[in-house]
Amino acid sequence: MSDRPILPFTIRPRDPDVAAGTANMRQLIHLRWLAVAGQLLTIIVVSQVMAVPLPLAPMLGVVAMAAIVNLANHIRLRFDRVTNTELLFALMFDVGTLTLQLFLSGGATNPFISLYLVQVVLGAVLLERWSAWALAALTILCFGLLSLHNRPLAYPPWLFGDIAGLHTWGNWLGFALVATLLILFVTRISRNQRNSAGRLADLRQQASEEEHIVRMGLLASGAAHELGTPLASLSVILGDWRRMPGLRDDPVLMGEIAEMQGEVQRCKAIVTRILQSAGEPRGEAAMASNVGDFIGAIVEGWRASHSAITLEYECDAQDASIVSDPAIKQAVVNVLDNAGEASPAWVGLRVRREDDAVRLVVSDRGPGFTPKTLEQFGKPTQSTKGEGHGVGLFLAAMVMRKLGGSAEARNRSGPDGGAEVTLTLPLSTIGINERDQEHEARGQTWRTTGR
């Protein structure tokens, strides 16, 4: 188990159901604008071109009412989530306005009565089962009432001989409108639902990964508590050995005992850091620094504990001011450790600034990543070292994600081969400005926030 702390994060993503409901209501608003325009055009053509007398005042009033309600719904989208009930009432309103227009223009004999099917199909796609049935029942009721009660159309005398042909063309036009609207809007709504399902899958994956981190944290904390007692006992025993006359006079044994005591103290320090990190808020130990000093300190410490490995270090972002969050150090060291295990002879670290981000590229000359590992990069238990040992890269990817950055992996080309991991950190998240530096001079601290 690594001695580096495992840090808790909190994700507050947008609810996929809320996003889908809002997107679906937006589609209904678009459909209603088409309905307003279509009804207005039809009224003008029938009354002015075909000279069929229509009750213009009430019909135009229905069009105006639909436009006003549509504007209100558009404003409403900015404030709160859209529920199933609101979608139901929106579709029922559309059924009501269509019913009024049909009542004023021939009732069930109007060829545009087939537009009811658009509302029924949209209800089946968008609404819960009970709501869809309620909308269908309302549509059937309105159709039946229009068959019994309506305002008949008064055709002008010059159209009497072609009424059957007009109805045929009207039925064809109504069918074409229904088919077009259904394809246009059902495909959009289906895309919204697929996007919602994709976001939900991403949230489930993130929840699973964070649960994995919590389990590792509990395991580390429990192991640290259990290791505390035997380490204390070993420390006492070694102290007693140093005072024993038979051992005190042997310089070789005393040197070995001193080395053992040093290792015991190191283990105790590791246990202490694990226990402290279990209750330490993220970013509590963050300090102002610059990229050169911060990464340089990490490189110096890593070289000291991996003296057998050549670490080639280059930094082209020395003066970029950042908040040196310990989580970033943990991520960098994790990636360096993985590179060192894969390539015991050489590891490379290049740091450069690109626009408003700092990129850290860790390279090695090992066997590289397998295709499966690259596909599953950044997920738990994915590693070339065996099942359950991909924790280092997983934690590094999680830290980058929470800081608004990214972690990428690829296999290097060329004679040396090996693998390469790139950590990208946006300065908008970890950078500090001149005002922040003034606060640091006054003894104030930072708390970095992941996205």
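Bear in mind the structure is a predicted one, so any value in this text is a computation, not a measurement.

The rules we used
- Residues numbered from 1 in each chain as written.
- Predicted model: local features only at pLDDT ≥ 70, side-chain atom pairs only at ≥ 80, totals over all residues.
- Heavy atoms only, no water.
- Salt bridge = Lys/Arg side-chain N within 4 Å of Asp/Glu carboxyl O.
- Helix = DSSP H or I, 4+ residues; strand = E, 2+ residues; numbered from the N terminus.
- Buried < 20%, exposed > 50% of the residue type's maximum accessible area, 1.4 Å probe, protein only.
- Axes fitted to C-alpha atoms, helices over the stretch in contact; angles between N-to-C directions.
- Parallel < 35°, antiparallel > 145°, perpendicular 65-115°, else oblique.
- Left-handed = near helix turned anticlockwise from the far one by under 90°.
- Contact = heavy atoms within 4.5 Å.
- Nonpolar A, V, L, I, M, F, W, Y, C, P; charged D, E, K, R; others polar.
- Polar contact = N/O pair within 3.5 Å; in protein donor to acceptor, adjacent residues only side chain to side chain.
- Pairing = 2+ DSSP bridges.
- Core = buried A, V, L, I, M, F, W, Y, C linked by side-chain atoms within 4.5 Å.
- Phe/Tyr/Trp six-rings, centres within 6.5 Å; stacked < 30°, edge-to-face > 60°.
- Lys NZ or Arg CZ within 6 Å of the ring centre and 35° of its normal.
- pLDDT = per-residue confidence, 0-100.
- Expected span 1.5 Å × (residues − 1).

1. Re the pattern of salt bridges
In the structure shown here, the tally under the stated rule is five salt bridges. Across the salt bridge formed by Arg32 and Asp94, the nearest N and O atoms sit 2.7 Å from each other. In this pair, Arg32 is assigned in helix H1 (residues 16-49) and Asp94 in helix H3 (residues 84-103), connecting sequence segments 62 residues apart. Its relative accessible area of 3% is what places Arg32 among the buried residues.

2. Overview of the packing of helix H2 (residues 56-76) against H3
Remark: H2 packs on H3, axes separated minimally by 10 Å, with the N-to-C direction vectors making an angle of 165 degrees. Taken together, the axis directions place H2 and H3 in an arrangement best described as roughly antiparallel. The hand of the H2/H3 crossing is left-handed. Every residue of H3 that contacts H2 at Met59, Val62, Val63, Met65, Ala66, Val69 and Arg76 is listed here: Glu86, Phe93, Thr97, Leu100 and Gln101. Residue composition of the contact of H2 with H3, by class: eight nonpolar, two polar and two charged.

3. Here's the deal with the side chain of Arg32
Within polar-contact distance, the side chain of Arg32 engages the side chain of Asn70 at 3.2 Å. Contact partners of Arg32, with chain neighbours within four places excluded, come to Ala66, Val69, Asn70, Asn73, Ala90, Phe93 and Asp94.

4. Here we look at the sheet that holds strand S4 (residues 346-354)
Read from one edge to the other, the open sheet built from five strands follows the order S2-S4-S5-S7-S6, with strand pairing classed as mixed. Two strands close off the open sheet at either side, each with one partner strand: strand S2 (310-315) and strand S6 (406-411). Strand-to-strand, the axes of this sheet are offset by a mean angle of 15 degrees, without reference to chain direction. Inspection of the sheet shows strand S5 (residues 357-364) paired to strand S7 (residues 419-426) by seven bridges, in the antiparallel sense. Across the sheet, the residue bridging to Val361 is Thr422, located in S7. Contacting S2, S4 and S5, helix H9 (residues 291-305) runs over the sheet at an angle of about 180 degrees to S2. The sheet contacts of helix H10 (residues 326-342) involve S2, S4, S5 and S7, and relative to S5 the element is tilted by about 20 degrees.

5. Thoughts on the nonpolar core
Membership of the largest hydrophobic core comes to 39 residues, with the highest contact counts inside it found for Val291, Ile295, Leu336, Val347, Leu349, Val351 and Leu360. The element that contributes the greatest number of residues to this core is H10, accounting for eight residues. When residues no more than four places from it in sequence are discounted, the contact partners of Leu349 are Ile295, Val299, Leu311, Glu312, Tyr313, Glu314, Leu360, Val361 and Val362. By size, the runner-up hydrophobic cluster in this structure holds 30 residues, among which are Leu91, Leu102, Phe185 and Ile189.

6. Notes on the pairing of S7
The side chains of a regular strand alternate, residue by residue, between the two faces of the sheet. Of all eight residues in S7, eight are buried, a share of seventy percent or more. Neither face of S7 is open: one carries Ala419, Val421, Leu423 and Leu425, the other Glu420, Thr422, Thr424 and Pro426, and all of them are buried. Direction of pairing for S6 relative to S7: antiparallel, over a ladder of six bridges. Bridging from a neighbouring strand, Asn411 pairs with Ala419 of S7.

7. Notes on the side chain of Asn110
Structurally, the position occupied by Asn110 is in the loop between H3 and helix H4 (116-126). Polar side-chain contacts of Asn110 include one of 3.0 Å to the backbone oxygen of Ser105.

8. Focus: the packing of aromatic side chains
Counted under the stated rule, the structure contains one aromatic pair. Geometrically, the ring pair formed by Tyr116 and Phe143 is tilted, given 6.4 Å between the ring centres and 40 degrees between the ring planes. Here Tyr116, found in helix H4, pairs with Phe143, found in helix H5 (residues 129-148); they are 27 residues apart in sequence, far enough to count as distant. Using a relative accessible area of 3% as the deciding quantity, one classes Tyr116 as buried. On the basis of relative accessibility, which here comes to 37%, the residue Phe143 falls in the partly exposed class. Its guanidinium or amino end placed over the ring of Trp346, Arg365 lies 4.1 Å from that ring's centre, counting from NZ or CZ.

9. Regarding the confidence of the model for the protein chain
Considering every residue of the protein chain, the mean pLDDT works out to 77; 77% of them sit at 70 or more. Counting contacts from residues 1-16, a segment whose pLDDT is below 50, to residues more than four positions away or on other chains yields 37 contacts.

10. Side note on the environment of Ser324
Structurally, Ser324 is set in the loop between strand S3 (321-323) and H10. The spacing of Ser324 and Phe294 is 30 residues in sequence and 6.6 Å in space, taken between C-alpha atoms.

11. Considerations on H9
The end-to-end C-alpha distance of H9 is 21 Å, a good match for the 21 Å that 15 residues give at a rise of 1.5 Å each. When we look at burial in H9, the residues that qualify are Val291, Gly292, Phe294, Ile295, Ile298, Val299 and Trp302. Looking at the buried side of H9, the elements it contacts are strand S1 (288-290), S2, S3, H10, S4 and S5. One side-chain oxygen of the residue at the start of H9 lies 3.1 Å from the amide nitrogen of Gly292, identifying that residue as Asn290.

12. Some remarks on the packing of H4 against H5
Running from N to C, H4 and H5 point in directions that differ by 170 degrees, and their axes come no closer than 8 Å. The angle between H4 and H5 falls in the class roughly antiparallel. Crossing of H4 over H5 shows left-handed handedness. Contact residues: H4 offers Tyr116, Gln119, Val120, Gly123 and Ala124, while H5 offers Ala132, Leu135, Thr139, Cys142, Phe143 and Leu146. Of the residues belonging to the contact of H4 with H5, the class tally is eight nonpolar, three polar and no charged.

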